Amino acid sequence: MGSDADFDVRWGLVPRPYRVARGPGEVPVPWVGTRAGSVAGTGTVVSADTAIDVDGRGVRVDVRRVRGPGDLGLPEGIPDWQAAEASLLKITEDGIRLSSTGEGGLLRGSWVLRRLVRAGHGTLPVVTVLDRPEYRWRGLGLDLVRHFFGPDHLLTVMDLMEELSLNVLHLHLSDDQGWRVEVPDLPALTEVSGPGSV
């Protein structure tokens, strides 16, 4: 078995989860088809409670809700915001189970699973990942006043934020160098100071 550093490099879990317990070997990804509206082609349509979408394909997952963070293996008394985003992902030869106390934890756990699927190229590690955020505010700031990025760039940035479990996007939209928000009653704001960048 390799070191924790080898595992981190191979499977790309950034930020590092709260606790990772590796098992022996790897297992194939349990694909189940495509989700509704997917661009991945034809296949079995799966629902969100039986699979998690990874790049338009479904990965079979047993999704479970638990009552509290203690049921996940976290200490009792952690802040509510941490408990709301906590998840326990278990990947074994028998399948994948994702447990959480609510929607935030399911979302966060699905991010971890997506990173593992993308890094594995068809296989997944046998592993148990207990995760919860370290900080409530995990953000990124973009200064659109001094350098304008179009909507396509912002969507790409938001996808990258998801990969890194960031939860706040701060957009700096106005300053003395420019105004980036169109206001229908005040068109001169964007006409005069909207074009260009510093």
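Residues numbered from 1 in each chain as written. Predicted model: local features only at pLDDT ≥ 70, side-chain atom pairs only at ≥ 80, totals over all residues. Heavy atoms only, no water.

Novice: Mind laying out the pattern of salt bridges, listing which residues take part and the relevant values?
Specialist: Any two side chains of opposite charge can pair, on the condition that their charged atoms come close. Per the counting criterion, the structure on display carries eight salt bridges. Close ionic contact of D62 with R97 constitutes a salt bridge, the shortest N to O distance being 3.5 Å. Taken together, the residues span a long stretch of sequence, with D62 in strand β6 (residues 62–65) and R97 in strand β8 (residues 95–100) at a distance of 35 residues. Using a relative accessible area of 34% as the deciding quantity, one classes R97 as partly exposed. A salt bridge links E134 to R132, with the nearest nitrogen and oxygen atoms 3.0 Å apart. (Salt bridge = Lys/Arg side-chain N within 4 Å of Asp/Glu carboxyl O. Helix = DSSP H or I, 4+ residues; strand = E, 2+ residues; numbered from the N terminus. Buried < 20%, exposed > 50% of the residue type's maximum accessible area, 1.4 Å probe, protein only.)

Novice: Any details on the pairing of strand β10 (residues 139–143)? Residues and values, ideally.
Specialist: Bridging between β10 and strand β11 (residues 168–172) involves five bridges; their strand directions are parallel. If you follow G141 over to β11, its bridge partner there is H170. The handedness of the β10 to β11 crossover, carried by helix α4 (residues 151–163), is right-handed. (Pairing = 2+ DSSP bridges. Right-handed = clockwise from strand over helix to strand, strands pointing away.)

Novice: Describe the packing of aromatic side chains, and please don't skip the residues or the numbers.
Specialist: Aromatic rings considered in pairs are described by the distance between their centres and by the relative angle of their planes. Taken as a whole and judged by the stated rule, the model has zero aromatic pairs. Across from the ring centre of W31, 3.9 Å away, lies the NZ or CZ of R57, which sits over that ring. (Phe/Tyr/Trp six-rings, centres within 6.5 Å; stacked < 30°, edge-to-face > 60°. Lys NZ or Arg CZ within 6 Å of the ring centre and 35° of its normal.)

Novice: So what about the sheet that holds β8? Which residues, and what values?
Specialist: Strand order in the open sheet formed by five strands is β1-β9-β7-β8-β6, with mixed pairing between adjacent strands. Every other strand in the sheet has two partners, leaving β1 (19–28) and β6 as the edge strands with one partner each. Strand-to-strand twist in this sheet, taken as the mean axis angle between neighbours without regard to direction, amounts to 20 degrees. Sheet topology note: the strand β7 (residues 87–92)/β8 ladder contains six bridges and is antiparallel. Looking at β8, one finds that L88 is bridged to S99. Across the face of the sheet, helix α3 (residues 103–120) comes into contact with β6, β7, β8 and β9 (123–131) while running at roughly 150 degrees to β9. (Axes fitted to C-alpha atoms, helices over the stretch in contact; angles between N-to-C directions. Contact = heavy atoms within 4.5 Å.)

Novice: Give me the side chain of S87: which residues, what numbers.
Specialist: Along the polypeptide, S87 turns up in strand β7. We classify S87 as buried; its relative accessible area is 1%. Setting aside chain neighbours within four positions, we find S87 in contact with L72, L98, S99, S100, G105, R108, G109, V129, L130 and D131.

Novice: Break down α4 for me, with residues and values.
Specialist: Taking 1.5 Å of rise per residue, the 13 residues of α4 would be expected to cover 18 Å, and the 19 Å separating its terminal C-alpha atoms lies within 8% of that figure. Of the residues making up α4, those classed as buried are L154, V157 and M161. Viewed along the axis of α4, the buried residues span an arc of 60 degrees, placing them on a single side of the element. Exposed residues pointing more than 90 degrees away from the buried face of α4 are listed as D152 and L160. (Expected span 1.5 Å × (residues − 1). Arc of directions from axis to C-beta.)

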